[in-house]
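# Descriptive analysis of the structure
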Amino acid sequence: MLKSGSLRHVSPVDQRQFPRKRVLFSGVITGPECETAIECIIRDISASGAQIQIKQAVTLQSPVYLIDTRNEAAHRATVAWAGDRRLGLSFAHSYLLDVGLANELQFLRTVLVEAKLAQVVRLMKCGLSVEKATSLVGVTEHYIDRFADLSQNDEKTALLLHQARCLRMRND
C-alpha cells in the first residue's frame, strides 16, 4: 500500500552484493494491489536493487514493485532506505514483462503499457511526431503485437494496446 506523507530518513549503508550501474531510466513504483502508480526515475540499478527518485515524498509499505519501462522488467522489492525524495530498493524477485506472468502479476504489464503511453503523450506535447515519440519509447507495431498476444485475457491492457495502435495509425 502506498501512502502520502513524509519519508523517514535512514542513512543508506552500502552493503551491496552486486555493484550498481548509474542509469537514468524511467520507471513506475506501485504496491502489490496496484492501488497507486507513482512515476519515478531510476538513478542506479543492479541485480539486487536500485536507487529511485520520486517527485514528492511518500511513505511506501513493503513490498513494492518497481517497473523499469526501458527494460520491460518489474522487480518485487522492499524499501531498504529512504532519503529526500530518493529511495533505496532491495529486490526480492524480478520478472520480465514480455513473457508469461502468473495471473496475480498481470497488472504489472498493464502498468508498463500505461507508463509507455504516458511517455509517448509527453513527448508529443513537447512537439515530437507520433512516429518519433512511439519509436523513442519503443511502442512499435512489434511491441503492440507481442504484448497483445500476452495480454489476451486482460481487458484493460488490451484497451491500452488498442489505443497505442490507433495512435500509431493516426500517423500513417
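Shown above is the structure to which this text applies.
Residues numbered from 1 in each chain as written. Predicted model: local features only at pLDDT ≥ 70, side-chain atom pairs only at ≥ 80, totals over all residues. Heavy atoms only, no water.

Attention now goes to the overall build of the chain. What the chain contains, in helices and strands, is four helices and eight strands. Walking the chain from its N terminus toward its C terminus, one meets helices and strands in the order β-β-β-β-β-β-β-β-α-α-α-α. Here the chain, with 172 residues, has 42% of them falling under the buried criterion. Long-range contacts, defined as pairs at least 24 residues apart, comprise 59% of the intrachain contacts of the chain with a sequence gap of at least 6. On the chain, roughly 9,600 Å² of surface is accessible, and the fraction owed to carbon and sulfur atoms is 50%. (Helix = DSSP H or I, 4+ residues; strand = E, 2+ residues; numbered from the N terminus. Buried < 20%, exposed > 50% of the residue type's maximum accessible area, 1.4 Å probe, protein only. Contact = heavy atoms within 4.5 Å. Areas by Shrake-Rupley, 256 points an atom, 1.4 Å probe, with all protein chains shown as cover.)

What follows covers the sheet that holds strand 3 (residues 37–45). Spatially, the six strands close up into a barrel ordered 2-3-4-8-7-6, and their pairing is antiparallel. Strand-to-strand twist of the sheet, defined as the mean angle between neighbouring strand axes without regard to direction, takes the value 45°. One ladder, built from nine bridges, connects strand 7 (residues 73–82) with strand 8 (residues 86–96); its direction is antiparallel. Within strand 8, the residue paired with valine 79 across the bridge is leucine 89. Contacts between helix 1 (residues 106–125) and the sheet are confined to strand 2 (21–30), strand 3, strand 6 (64–68), strand 7 and strand 8, with strand 6 contributing the most and set at about 45° to the helix. (Pairing = 2+ DSSP bridges. Axes fitted to C-alpha atoms, helices over the stretch in contact; angles between N-to-C directions.)

Turning to the layout of surface pockets, a few remarks are in order. Vacant regions in the atomic arrangement are exposed by a probe of water-molecule size rolled over the atoms. Roughly 580 Å³ of volume is contained in the largest pocket. What lines the largest pocket is a set of 20 residues, among which Phe25, Ser26, Thr69, Gln119 and Arg122 lie closest to the centre. Take the lining of the largest pocket: its biggest share by element is four residues, from helix 1. Across the lining of the largest pocket, the residue classes break down as eight nonpolar, five polar and seven charged. (1 Å grid on protein atoms, 1.4 Å probe; cavity = no way out; pocket = protein on both sides within 12 Å on 5 of 7 lines; lining within 4 Å. Points joined across faces, edges and corners; volume = space filled by probe spheres on them. Nonpolar A, V, L, I, M, F, W, Y, C, P; charged D, E, K, R; others polar.)

A few words now on helix 1. Helix length check: helix 1, at 20 residues, gives a terminal C-alpha distance of 30 Å against a target of 28 Å (1.5 Å per residue), a fit within 8%. At the exit of helix 1 stands glycine 127, carrying a positive phi of roughly 105°. (Expected span 1.5 Å × (residues − 1).)

Buried within helix 2 (residues 130–137) we find Val130, Ala133, Thr134 and Val137. Down the axis of helix 2, the sector holding all buried residues measures 95°, keeping them to one side. Pointing more than 90 degrees away from the buried face of helix 2 are the exposed residues Glu131 and Leu136. Where helix 2 terminates, the next one or two residues include glycine 138, which has phi positive at roughly 90°. (Arc of directions from axis to C-beta.)

Taken as a whole and judged by the stated rule, the model has seven salt bridges. Of the charged contacts in the structure, one is a salt bridge between arginine 122 and glutamate 39, with a shortest N-O distance of 3.1 Å. With arginine 122 in helix 1 and glutamate 39 in strand 3, the pair connects residues that are 83 residues apart, well separated along the chain. A relative accessible area of 38% means that arginine 122 is categorised as partly exposed. By relative accessible area, glutamate 39 is classed as partly exposed at 36%. Across the pair arginine 146 and aspartate 98 runs a salt bridge, and its minimum N-O distance is 3.0 Å. Of the two residues, arginine 146 is situated in helix 3 (residues 141–150) and aspartate 98 in the loop between strand 8 and helix 1; the sequence distance between them amounts to 48 residues. Owing to a relative accessible area of 27%, aspartate 98 belongs among the partly exposed residues under this scheme. In the salt-bridge network here, residues are joined through shared partners; they are Glu72, Asp98, Lys116 and Arg146. (Salt bridge = Lys/Arg side-chain N within 4 Å of Asp/Glu carboxyl O.)

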